Amino acid sequence: MSSRTRSALLLALAAVLYLAPFAIGTEYRLFIATQMAAYVLVAVGLNLLNGYGGQVSLGHGALVAIGAYAVAIAMVDHHWSFWPAALLAMLAASAVGAVMALPAFRLSTWYFALITLGFAEVVGGLLTEWRELTHGFAGVVGVPKPVLLGHELSSLDLYWLALTLNILALWGMANLLASRFGRALVGVRDNPVAATASGVSLVRIKMLAFVVSAAMAGVAGALYAVQKTVVTPDDFTADFSIFFLLVVVLGGAGRLWGPVVGAVVFFLVPELLAALQSWRMLIYGTALLLLMLYAPHGLVGAMDVGWQHLRKRLGLPPVASQPPLAAGRGAVEPVAGEALTVQGVEKRFGGVTALAGVSLEVAAGTTHAIVGPNGSGKTTLLNMISGFYPIDAGSILVDGRSVVGLAPHRIARRGVGRTFQTPRMLPALSVLDNALLGAYPAERQSALSAALRLPVARREQAASLADALRYLDFVGLADRALEPAGELPHGQQRLAEIARALVGRPRLLLLDEPAAGLSLDELDRLGELIAAIGRLGTTVVIVEHHLELVANICSSVTVLERGAVLASGTPAEVFSHPEVIAAYMGTQAGVGQAAS
Amino acid sequence: MDPDLLVGALTAGSLYALVAMGFNILYRPTNVFNFAQGDLVMLGAMVGATVITVLGLPWFVGAGLAMLAVAALALLEEKVAVAPVLNRSATGHGWVITTLAVSMILANLVGLGWGPDPIAVKPPWPLSTETFELLGANVSSYQIAVVVVTVALVLGVEAFYATRAGKAVLAVAEDRDAALLRGINPNRLSSWSFFLGGGIAALTGVLAAPVLYASTGLGPSLLLKGFAAAAVGGIGNNRGALIAGYVIGLAEAIAATVLSPGYQLAATFAVMLAILLVRPHGLFGRAEARTV
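Here the structure is a predicted model, which means the values were calculated and not measured.

Draft legend 1. Molecular detail of the interface of chain B and chain A. The partner chain A presents 35 residues to the 30 residues of chain B that form the contact. Of all the elements, helix H4 (residues 94-114) of chain B adds the most residues to the side of chain B that touches chain A, at ten residues. In terms of residue class, the side of chain B that touches chain A is built from 24 nonpolar, five polar and one charged.

Draft legend 2. Summary view of the confidence of the model for chain A. The share of residues in chain A with pLDDT of 70 or more is 94%, and the mean pLDDT across the chain is 89. Below pLDDT 50 for its whole length, residues 589-596 of chain A participates in 14 contacts with residues either more than four positions away or in separate chains.

Draft legend 3. Representation of helix H2 (residues 37-54) of chain B within the structure. Residue and element names in this part refer to chain B. Its 18 residues give H2 an end-to-end C-alpha distance of 25 Å, which sits within 8% of 26 Å, the value for a rise of 1.5 Å per residue. Among the 18 residues of H2, 15 are classified as buried, and the element is accordingly described as predominantly covered. Looking one or two residues beyond H2, the residue adopting positive phi is Gly56, at roughly 75 degrees.

Draft legend 4. Structural context of the nonpolar core. Counting residues in each nonpolar core, the largest one holds 290 residues, and the members touching the most others are Val71, Ala89, Leu472 and Ala499 of chain A together with Val70 and Ala229 of chain B. Looking at which element gives the most residues to this core, the answer is helix H10 (residues 202-228) of chain A, with 17 residues. Among all residues touching Ala499 of chain A, those that are not within four sequence positions of it are Ala435, Tyr471, Leu472, Val475 and Leu477 of chain A.

Draft legend 5. Here's a closer look at the sheet that holds strand S13 (residues 556-561) of chain A. Residue and element names in this part refer to chain A. What the six strands build is an open sheet, ordered S10-S11-S12-S7-S13-S14; its pairing is mixed. With partners counted over all chains shown, the strands left at the sheet margins are strand S10 (416-418) and strand S14 (564-569), one partner each. Strand-to-strand twist in this sheet, taken as the mean axis angle between neighbours without regard to direction, amounts to 20 degrees. As judged from the four bridges shared by strand S7 (residues 367-371) and strand S12 (residues 539-543), these two strands associate in the parallel manner. Bridge pairing in S12 links His368 to Val541. Across the sheet, helix H16 (residues 378-385) touches S7, S10, strand S11 (508-512), S12 and S13, and the angle it forms with S11 is around 150 degrees.

Draft legend 6. Expanded view of the confidence of the model for chain B. Per-residue confidence for chain B gives a mean pLDDT of 86; residues scoring 70 or more make up 97%. Of the two predicted TM-score estimates for the complex, the pTM is 0.89 and the ipTM is 0.89.

Draft legend 7. The domain arrangement of chain A, seen in detail. Residue and element names in this part refer to chain A. Here chain A is described as being made up of domain 1 (30-307), domain 2 (333-415 + 506-596) and domain 3 (428-504). Of note, the centres of domain 1 and domain 2, computed from C-alpha atoms alone, are 48 Å apart. Taken together, the contact pairs six residues of domain 1 with five residues of domain 2. Taken together, the residues that form the side of domain 1 that touches domain 2 break down as two nonpolar, four polar and no charged.

Analysis parameters
- Residues numbered from 1 in each chain as written.
- Chains lettered and ligands numbered in written order.
- Predicted model: local features only at pLDDT ≥ 70, side-chain atom pairs only at ≥ 80, totals over all residues.
- Contact = placed C-beta atoms within 7 Å.
- Helix = DSSP H or I, 4+ residues; strand = E, 2+ residues; numbered from the N terminus.
- Nonpolar A, V, L, I, M, F, W, Y, C, P; charged D, E, K, R; others polar.
- pLDDT = per-residue confidence, 0-100.
- Expected span 1.5 Å × (residues − 1).
- Buried ≥ 20, exposed ≤ 12 C-beta atoms within 10 Å, placed from the backbone.
- Core = buried A, V, L, I, M, F, W, Y, C linked by C-beta atoms within 7 Å.
- Pairing = 2+ DSSP bridges.
- Axes fitted to C-alpha atoms, helices over the stretch in contact; angles between N-to-C directions.
- Domains from an automatic or database assignment.

Here it is, written out as structure tokens:
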């Protein structure tokens, strides 16, 4: 389906939904449809957090409750008009949610699930306990209808308002997901290390996703309050939060339309559930378990798989449309490389000393190799330069400025790029999107301008796209840009990872065993590529076992053994050093033979 | 502070510590935090209460049957809900939702089978829930026993981790693949730890029944308070969980008297969030070494 037919279909769908009440609208149907639209709003927000960010929230029902109570209390007890009250609902849900989520986001995913579960219990308890504010069990009664320009909104108007909000939410969500924020969020879910190395602050991006989804839950709560006109604690039990999770998982977590499909299915089978009221949670639980085991991407995911099968059977290619890729061709720009100074760096893991006072000096714009037997501390040193391990003693300067104690994403933002021993890709995203993740720190657009596709965001996105394509072309992967990164062979994943690092314009690039697992042919191309990166001006530090490659491309070498520097100098000096030959390569070997 | 309050806090805190230890036993080799653990505790309490109170069999028979039944169920949970998602992605978090689903299924099945009424359970002879005065506080012999058994269990489990078999468990937690190369079968260890974690959960439930009554409502509240104790103590650290259990128990007791019983949960939750904000890995936990 081309994007033009797609837009036309969506427009037609929207028109049908706007006009449907004239043909088949009854008060009851409008009520149900508006309620469904409010739930879709919550589920779309939860999908951002859970489906794309991988953070399970068991407290979204409580956020809806906060929004609903905020509007009800402001309108009934304090006679606010609906619009500022709805804004209050949105702010209250996101602020309360953010305070609750802050400790959880520094820890593993499941902490967040439990803390949100506890949060829902606490809010549920306070709704009855805090009588002065919430009126206890009786709840807040008589929430008036919103008034717009002196005209009180009818149930039809309310339906249109909810529908409009849904369309805006889906459009904004699609834009947000296609931007740097969407890629960073998937990075948080699928490969936090890769995201961090690309300059993404995990806590900030999780918080952004959570605040956006909490704000949507708050707005949905506002709609809920004016639509039902009564809010009571009974509306917001623990089941309510689980319900939204089930809607997302049923429709398809991590699929844009998943929550919509999930909500529609839920509302199409209400009679069934009404008859089985006491079995409801049992059914929810069983459904969640079966879906997670057999259809982790829900109905939309299953439809995608079916569609792929159908295309295959019809002999069509798996990917339908190809955007113009030629836009990115062109020369890559030179970079001002930065010097690296490592002095007396020490690192212990428990009782094991991994690094015992390592010093090395890499001049700006040169290519330096760190070699040594397995376990000599090479990768540990890279991890300390890039901030993944805290340092026990010593100093690390990049361009004369200390990076010790900085979080790894901050070091990445300072212009230190890196790759890993085993390529760290986001397998579900395309090669192009993986490369674009590298542009995350350079892009300046806010989440709001990305969601609204403001011109400033679009210009920046176009520039990043051209950049990413240029660097994919530079490493020789331009023709595979649209394939899922997880499907590339090992050697090409390495190249894609290098491209991602290069898109961030690193002034210092750390490559961890780039030659491991490459074929001889790929090895030659890698050597040429690293030499070309060096010619751009980038300072390159490479940890490598393949000594021929090192001798060909590096101007200086440091040999590590058991956490200490054994020798350093030019490749010719170092590899003729008797101790190096004895300790590292064995007495028989010499340069020209792979030592690994 | 009212000494009676302290006794109540110590008893409740011991139970929270035991729930937390159940979490930890499962978590150490699998890195899975079982969301159904609260309901396993609840089921242990129900089975124990039924055998002891309804069938009138001796306490130890009830405790033994409950432990065996719940351990088997936990094993089933591991096979059906945890192993398949871990096999698909060892680092994914699909298990959060599947163990939550198991919790919902368990809670509702038990609710359908047993009904909502709590069952009172008498403690085993010669213990009693009759209180007497000790150092100015009203204490029952059963409360003392709960505290003593908890401390003994925590020390016993910690002693196990110092043995060869215990180190194997820790090795799997550290690096599943490396442990495999050393001849440790991580899958079998996962199954075993679910079995043991289920047994501990049931024992916790049976111990809790004379103090808290056996009812289906136990599950969610013990899940959250057990989590609070585990998180505040540092995940995986049982001694930390013991101390944190008492911290949570005390916070709860103080909140109930100073504020009102209705704010108990909110206050406990706030204490936990505040501690995690200052010390993300708990009072006694350490940051997991990152592997890059």
